[in-house]
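Breakdown of the fold
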Amino acid sequence: MSYLVSESGFNHGLLHTPEGVRDIYNGECEQKLRLQESIHDIIKLYGFRDIQTPTFEFFDIFNKERGTTASREMYKFFDREGNTLVLRPDITPSIARCVAKYYKEEELPIRLCYQGNTFINNTSYQGKLKETTQLGTELFNDGSSDADAEMIALLVNCLKKAGLKEFQVEIGHADFFLGLLEEADFDQEEAEQLKVLIEKKNLFGVEELVSSKKLDENLKELILKLPDLFGNLDNLLYAKKMIKNQRSVHAIEHLEKLYAILELYGFSEYITFDLGMLSKYNYYTGIIFRALSYGSGEAIATGGRYDNLVEQFGKKAKAIGFVILIDQLMTALSRQKVLNKASASSTLILYHSQYRKMAIDLANHFRGSGMKLLLMRMSNEKEMVDYVDYCKRQSIGGILLMKDADTIEVIDISSGGKKITQISEMLS
Ligand SMILES: N[C@@H](Cc1c[nH]c[nH+]1)C(=O)O
């Protein structure tokens, strides 16, 4: 924190937030909450039930075996007993823990949804947020391609409802890459190295690594081509002919099946495939996917199948889920100019103390019928224009000015129009 102490002794450093976190207020905050609400409404239509888990958990919930966030990227702290706690970097492991705990005997599908913030202590490069809002869904006890398709269809529906234009859901499969690694007989270290090189799009590095091994020509070619293996499924089917290992072949066959079901949903225009997509988290075991759109450089949703994670908490349960990254979605919507402006929907009742009772009665009456009302006693130090300007700053649509015990002046802020009305008439 910088200590900028002014002459009056006020520490201006107090007004700053740490790098990577920010305040969200006024219209932006309203838009964000409204967006979450409208997406949540869609998710509820698919039968998901809400769940809330703690913002911090024991470190072990997210440790390496679960294949989640790297330890150095988590915010860690201790409780009085000396336990290591972390601010959750990801909500999926917490939900998996809950399913093992509260639905131990349930064998048929469990559908859960949640909204909350996650915290990742990433390197502070250009404006990347360290606290982000996720709205997520998880479906347990269903390992079918129908479940995969339904989750993708749900994601498409959510993004459409959010008003996003032109987005794509890219789908890959964790097993495609893992099968190639096995076929190439890469050890864990080499596999990790290859993953990093591909993520960094360092093709020379990939070539060097691949050339250091004795590999089948087709396999070599395919690994080098991984970053280009995206597009519609037909274009990718040739990859199937070039590989020998069954794991990768099954992965492609699964994607074919999935695509056929997505066609039934009528959503094929939103789908592309990316065989070079790498799992963001090691817990993924099946399809992995992310949604991209112009206006946001980063994914606005990510997800995938993770059939072994719940078992680590003591229950065998296949699972698939995704999260919508609300902050990224907001950025995309605002760049695409489709973020609905918060409308001025509240009214201000202004009164002098002798009309207090009427003002309170009037406010209660209108609030009772669902109108948003602010009550304010007038100050002798302010003019009417101060209140009108205030309404403009605060997105307040109108003023009801108490003139006497039964008369109010109604002022429309946007048009400036004024009219006199009797309170008794309004209440009747
Ligand atoms: N938790 C994952 C997304 C996900 C939800 N379910 C499965 N995957 C993420 O933060 O990227």
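Counting restarts for each chain, with residues numbered from 1 along the sequence as it is written. Since the coordinates come from a predicted model, pLDDT governs what is reported: local features require at least 70, and pairs of side-chain atoms require 80 or more to be given and counted, while whole-chain, interface and lining totals use all residues. No hydrogens and no water enter the side-chain calculation; it runs on all heavy atoms of the structure.

Moving on to the nonpolar core. For the purposes of this section, nonpolar cores are sets of buried Ala, Val, Leu, Ile, Met, Phe, Trp, Tyr and Cys residues that join through side-chain atoms within 4.5 Å. Here's how the labels work: a residue is buried when its accessible area is under 20% of the maximum for its type, exposed when over 50%, partly exposed in between, all with a 1.4 Å probe on protein chains only. Grouped together as the largest cluster of nonpolar side chains are 75 residues, with contacts concentrated most on I39, V169, I171, F176, I223, I324 and L329. Broken down by element, this core gets its largest block of residues, 10 residues, from helix 3 (residues 145-161). Non-local contacts of I39, meaning those with residues more than four positions away in its chain, are made with L135, C158, A162, I324, I326 and L329. Counting 24 residues, the second-largest nonpolar core is a separate cluster that includes I95, A100, M277 and Y283. Numbering goes from the N terminus for both helices and strands, where a helix is a DSSP run of H or I of at least four residues and a strand is a run of E of at least two. Contacts are assigned to residue pairs with any non-hydrogen atoms lying within 4.5 Å of each other.

Here we take up the site of the ligand. Taken together, the neighbourhood of the ligand is formed by 15 residues, with D90, T92, E138, Y284 and T302 sitting nearest. A distance of 2.8 Å is found between a nitrogen atom of the ligand and a side-chain nitrogen or oxygen belonging to E138. In the environment of the ligand, a nitrogen atom lies 3.2 Å from a nitrogen or oxygen atom belonging to the side chain of Y283. Residue burial considers only the protein chains on display, and all accessible areas are found by Shrake-Rupley using a 1.4 Å probe. Taken by itself the ligand offers 300 Å² of open surface, and the protein chains cover 100% of this. Throughout, the protein atoms alone are placed on a 1 Å grid, and a set of points is a cavity if a 1.4 Å probe fits but cannot get out or a pocket if it is open with protein on both sides within 12 Å along at least five of seven lines; lining residues have an atom within 4 Å of a point. Molecules are considered to sit inside a cavity or pocket once more than half of their atoms lie within 2 Å of its grid points. Using a 2 Å cut-off from the grid points, one finds that the ligand occupies the largest cavity. For the shell around the ligand, the secondary structure elements donating two or more residues are strand 6 (131-140), strand 11 (296-305) and strand 12 (319-325). Proximity is defined per residue: any heavy atom of the residue falling within 4 Å of a molecule or strand makes that residue near it. Whenever a nitrogen or oxygen atom comes within 3.5 Å of another N or O atom, the pair is scored as a polar contact, on the condition that within protein one atom can donate a hydrogen and the other can accept it, and that pairs from neighbouring residues in sequence are kept only if both atoms are in side chains.

Another aspect to go through is the pairing of strand 17 (residues 418-422). Across five bridges, the pairing between strand 16 (residues 407-412) and strand 17 is antiparallel. Following the sheet pairing, V410 is matched in strand 17 by K419. Here, strands pair whenever DSSP counts at least two bridges between them. The turn linking strand 16 back onto strand 17 is made up of five residues, and G416 within it adopts a positive phi angle of 80°.

Before going further, it helps to examine the layout of surface pockets. Grid points are joined across faces, edges and corners, and a volume is the space filled by probe spheres set on the points. Reported here for the second largest pocket is a volume of approximately 380 Å³. Around the second largest pocket sit 20 residues that line it, and G127, L129, D327, Q328 and T331 are the ones nearest its centre. Those elements that place two or more of their residues in the lining of the second largest pocket are helix 1 (26-45), strand 11 and helix 10 (326-335). The leading source of residues in the lining of the second largest pocket is helix 10, at six residues.

Moving on: the confidence of the model for the protein chain. For every residue, the predictor assigns a confidence score, pLDDT, that lies between 0 and 100. Of the residues in the protein chain, 98% have a pLDDT of 70 or more, and the chain-wide mean is 93. Predicted as a complex, the structure gets a pTM of 0.92 and an ipTM equal to 0.99.

On the surface, F10, L14 and L15 cluster together to form a nonpolar patch covering roughly 330 Å² of accessible area. Within the secondary structure layout, L14 lies in the segment before helix 1. A relative accessible area of 57% places L14 in the exposed class. The residues that make up patches have over 30% relative accessible area and no salt bridge, and they are joined within 9 Å when like-charged or within 5 Å when they are Val, Leu, Ile, Met, Phe, Trp or Tyr. Salt-bridge detection follows one rule: a side-chain nitrogen of Lys or Arg within 4 Å of a carboxyl oxygen of Asp or Glu.

Contact pair helix 7 (residues 217-225) / helix 8 (residues 233-242): the axes reach a minimum separation of 10 Å and the direction vectors enclose 145°. Here the hand of the crossing between helix 7 and helix 8 comes out left-handed. Between helix 7, through N218, E221, L222 and K225, and helix 8, the contact on the second element is made entirely by Y238, A239 and M242. Each residue gets one label: Ala, Val, Leu, Ile, Met, Phe, Trp, Tyr, Cys and Pro are nonpolar, Asp, Glu, Lys and Arg are charged, and the others, such as Gly, are polar. Its residues placed into classes, the contact of helix 7 with helix 8 shows four nonpolar, one polar and two charged. Between N-to-C directions, angles cover 0 to 180 degrees, with each direction set by a line fitted to C-alpha atoms, over the stretch in contact for helices. Helix crossings are classified by the rotation of the near helix relative to the far one: an anticlockwise turn of less than a right angle makes the crossing left-handed, while a clockwise turn makes it right-handed.

UniProt positions are given in the numbering used here, feature names are shortened, and annotations may be inferred rather than shown by experiment. UniProt records the feature "binding site: L-histidine" (unreviewed entry) at D90, I91, T92, Q134, E138, Y283 and Y284, using the numbering of this structure. Here the residues from the annotation list that line the largest cavity are D90, T92, Q134, E138, Y283 and Y284. Mapping I91 onto the fold places it in the loop between strand 4 (84-87) and helix 2 (92-102). Judged by its relative accessible area of 2%, I91 falls in the buried class. Residues contacting I91, with those up to four places away along its chain left out, are T53, Y114, G116, T118 and Q134. In this fold, E138 is placed in strand 6. What E138 contacts, discounting residues up to four positions off in sequence, is F48, T92, I95, I110, R111, L112, Y114, M151, Y306, I320, G321 and F322.

With that out of the way, let us pick up empty space enclosed by the protein. Enumeration over the complete set of coordinates arrives at one cavity of 30 Å³ or more. Taken as a whole, the largest cavity encloses approximately 110 Å³ of empty space. If you trace the largest cavity, you find 17 residues lining it, with D90, T92, Y283, Y284 and V323 closest to the centre. Listed by contribution, the elements that provide at least two residues to the lining of the largest cavity are strand 6, strand 11 and strand 12. Among the residues making up the lining of the largest cavity, the classes are represented as eight nonpolar, six polar and three charged.

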